[in-house]
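# Examination of the molecular architecture
Here is how the chains run, residue by residue.
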Amino acid sequence: GYKITKVNSPSGERNYTTNFTGDSSYNSNSVTDGFSSKIKQSLNLTFETNIDSANSLKFTAKGNLNNTKSNSNYTQQSISDKQIPINDITRRTNSNTDNSSINSNLLWKHKFKKTARTLTVNVNYSIVGSNGETFLYSKNNYFKNGLPDNNDTTDQKNLKDNQTNTFTGNITYTEPLSKTLFLSFTYLYSVATNQNDRLSFTKDINAKYTNKIDSLSNSYLFKQTTNRPGVSLRMVKKKYNFSIGSSLSISNFKQDNRTTNLVRKYNFTNFFPTASLYIKLPGYAGIRFNYNGSSQAPTLNQLQPITDNTDQLNQYIGNPDLKQSFTHSLNLNYNFYNVLQERGLWAGVNGSFTQNGFVNERTLDNFGKSTYRTVNANGNYYFGLYSNYNFKIKKPNIHISFGPNINTSRNVSYLNNQKSINTNSSYGLDFGIRKEKENKYEVSINPNFGYVNTKSSISNGALANYWQGGLDANVRITLPLKFRLETDVDFTAKQEDPNFPAKNKFTIWNAALKRFIFKDKLEASVSVNDILNERRGYDRAFNEYRYSETYYNTLKRYWMLALT
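Model, not experiment: these values are computed from the prediction.

Scanning the protein from N- to C-terminus turns up one helix and 29 strands. When each of the 564 residues of the protein is scored for burial, the buried share is 33%. Put simply, 61% of the contacts in the protein that link residues at least 6 apart link residues at least 24 apart. Per element, the accessible surface of the protein, about 32,700 Å² overall, is 55% carbon and sulfur. On the protein, the mean spot of the 68 positive side-chain charges and the mean spot of the 41 negative ones are 10 Å from each other.

Now the structure itself:
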């Protein structure tokens, strides 16, 4: 298969942010206008064959080639809570970027004569590349006590060349110890090489970008090699099944700063335990439990020890001292379904906590400028509860469902050398009502209600408490002459907050008229999306030291004719 796409998109964004610094605060308002043109090409290939009754082979390959040309103009002003100017920023960027990727996979399966004895070999190789050229021009003015204090101008050309090569081989052998007990051995070998070259230049006396900026230029290589043998035991019974296993991961990291000729090597040894249990209960019911442990290595951008000064007010610095993180994940759920009564329940809890998690460490000065980097920290966790009970009222033939859900997370960060503990909690209740008649109609109404609470240990100003709710309705009707009418309405509302003056109630209504033609080989349709023209690009964001709202351009009302 081959596909080519071109997308031209104007962009626009307005952002309003309040930043908290101790007992005081300041507001930052920004406007961004831009345009991008993207040409995307993709090619995919699949080859599959059964060599004989015992061997099968499958090969897949996917390739992508994208080019993006974009430009943007950005302005920002920051004012203290006493209406005193802090900074004003003007920035202009133009970029041309090529992205490419090739991903291939070969899967070989072999069945032995003994039942359930199998051997599987899976090999994957991928190449991902990105090459870009960006021109940056920025004028920045900073104020002290409302008076001009200092300013700077940035006029530079940036070149980035990034390439990642990854090879992974995985072998799995399964040996049946009995009709219900199976032993599996696995071995994984992986090697990934990521090279990132970043060069920055300023103008020379001939107004050409030839003067290299050493402090912003760097060539960096990050190589990861992993060997992971593992073993697992699985038992399958009529009323239950379980599995338990573990793998030992031996990872070698090599960080090669080719600019400074500094090489760092790290060795990590991790255990990856896994466990699962399923108990079948009377009827169509069961309990399932899963646990697994996994590690994550830092990315090259998080490691590369140079500053990204694209945004003068928010400059990111790499941290070569990062360690890999390790996450423990658990899931417990219960479900049942009565076929005759058409009644069922599914409910569960899941959670995770991370050791050496990747978090932000930020330093903020009096001019509104901040520098930040990624560091390791403990104390990050997530917990969630989900449920849904559904039943049918037979006489009016109505299906009803409802269930509460809870999500809470704790994240650690650092602001001006002060540890911040941030908690985010949401509580929701979902309902559903559905009625249908085969080949006639289907109607469903799904209201929902929720409450959001966020807290920060270092700032009361950034906390948020608000309710939100909505209603989703769908109608499908079969009309005479084989026409079908489909329409859906999505209403959303959020509690008004003095910090966010945006309209918090809007309705998205879509409708389509469809019909099969030419002996049902083609479907013709005419549709209108966002009939009320109320779709909007809007987002709220909270963290330990700021809250912000963003408005951005989005595709609103349009009509479409389609033949499928």
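A separate point is the packing of aromatic side chains. Under the defined criterion, the tally for this structure stands at 17 aromatic pairs. Between the aromatic rings of Phe-112 and Tyr-173, the centroid separation amounts to 6.1 Å while the plane-to-plane angle is 85°, which identifies the pairing as edge-to-face. Here Phe-112 is found in the loop between β4 (85-111) and β5 (118-144), whereas its partner Tyr-173 is found in strand β6 (residues 147-176), with 61 residues between them in sequence. By relative accessible area, which is 32% here, Phe-112 ends up partly exposed. On the numbers, 5.9 Å between centres and 65° between planes, the contact of Tyr-142 with Phe-367 is edge-to-face. Of this pair, Tyr-142 sits in strand β5 while Phe-367 is found in the loop between β17 (357-364) and β18 (370-377), placing the two residues 225 residues apart along the sequence. A network of ring pairs unites the aromatic residues Phe-222, Phe-253, Tyr-266 and Phe-268 as a single cluster. The side chain of Arg-228 reaches across the aromatic face of Phe-272, ending 4.2 Å from its centre.

Across 20 bridges, the pairing between strand β1 (residues 2-21) and strand β2 (residues 24-52) is antiparallel. Following the sheet pairing, Glu-13 is matched in β2 by Thr-32. Of the strand pairs in this sheet, β2 and strand β3 (residues 55-80) are connected by 26 bridges, and their pairing is antiparallel. Looking at the pairing, Thr-46 lines up with Thr-60 of β3.

What follows is about the environment of Asn-8. Turning to its location among the elements, Asn-8 is positioned in strand β1. Owing to a relative accessible area of 47%, Asn-8 belongs among the partly exposed residues under this scheme. For Asn-8 and Lys-69, which are 61 residues apart along the polypeptide, the C-alpha to C-alpha distance reads 9.7 Å. Setting aside residues up to four positions removed in sequence, Asn-8 forms contacts with Phe-35, Ser-36 and Ser-37.

Right, let's get into the nonpolar core. Residues Tyr-220, Phe-222, Phe-253, Phe-268, Leu-300, Leu-303 and Leu-322 constitute the largest nonpolar core, which totals seven residues. Contributing elements (two or more residues each) for this core: β9 (218-236) and α1 (300-303). Of all hydrophobic cores here, the second largest spans five residues; its members include Ile-86, Leu-364, Leu-415 and Tyr-545.

When you line up the elements, Ser-200 lands in strand β7 (residues 181-203). Since its relative accessible area comes to 5%, Ser-200 is described here as buried. Of the polar contacts made by the side chain of Ser-200, one reaches the side chain of Asn-158; its length is 2.7 Å. Beyond its immediate sequence surroundings of up to four residues, Ser-200 is in contact with Gln-156, Lys-157, Asn-158, Asn-211, Lys-212, Ile-213, Leu-216 and Ser-217.

Note that β7 and β9 share 18 bridges and pair antiparallel. When the bridges of β9 are listed, Arg-198 appears paired with Asn-218. The pairing of β9 with strand β10 (residues 240-257) spans 15 bridges and is antiparallel. Paired with Thr-225 across the strands is Asn-252, a residue of β10. Taking the residues that link successive antiparallel strands as the turn, the β9-β10 hairpin has three residues.

On the secondary structure map, Ser-249 appears in strand β10. By relative accessible area, which is 3% here, Ser-249 ends up buried. Sequence-distant contacts of Ser-249, that is, excluding residues within four places in its chain, are made with Thr-226, Asn-227, Arg-228, Phe-268, Thr-269, Asn-270 and Phe-272.

Let's shift gears to the pattern of salt bridges. Where charged atoms from two side chains of opposite charge come close, those side chains can pair. Within the structure shown, the criterion is met by 15 salt bridges. Glu-133 is paired through a salt bridge with Lys-157; the nearest N and O atoms lie 3.3 Å apart. One end of the pair, Glu-133, is in strand β5; the other, Lys-157, is in strand β6, and 24 residues separate them in sequence. Its relative accessible area of 19% is what places Lys-157 among the buried residues. Sharing partners across several salt bridges, the network here consists of Arg-476, Arg-484, Glu-486, Lys-514 and Glu-523.

About the criteria used
- Residues numbered from 1 in each chain as written.
- Predicted model: local features only at pLDDT ≥ 70, side-chain atom pairs only at ≥ 80, totals over all residues.
- Heavy atoms only, no water.
- Helix = DSSP H or I, 4+ residues; strand = E, 2+ residues; numbered from the N terminus.
- Buried < 20%, exposed > 50% of the residue type's maximum accessible area, 1.4 Å probe, protein only.
- Contact = heavy atoms within 4.5 Å.
- Areas by Shrake-Rupley, 256 points an atom, 1.4 Å probe, with all protein chains shown as cover.
- Lys, Arg positive; Asp, Glu negative; His and termini not counted.
- Charge placed at Lys NZ, Arg CZ, Asp CG, Glu CD.
- Phe/Tyr/Trp six-rings, centres within 6.5 Å; stacked < 30°, edge-to-face > 60°.
- Lys NZ or Arg CZ within 6 Å of the ring centre and 35° of its normal.
- Pairing = 2+ DSSP bridges.
- Core = buried A, V, L, I, M, F, W, Y, C linked by side-chain atoms within 4.5 Å.
- Polar contact = N/O pair within 3.5 Å; in protein donor to acceptor, adjacent residues only side chain to side chain.
- Salt bridge = Lys/Arg side-chain N within 4 Å of Asp/Glu carboxyl O.

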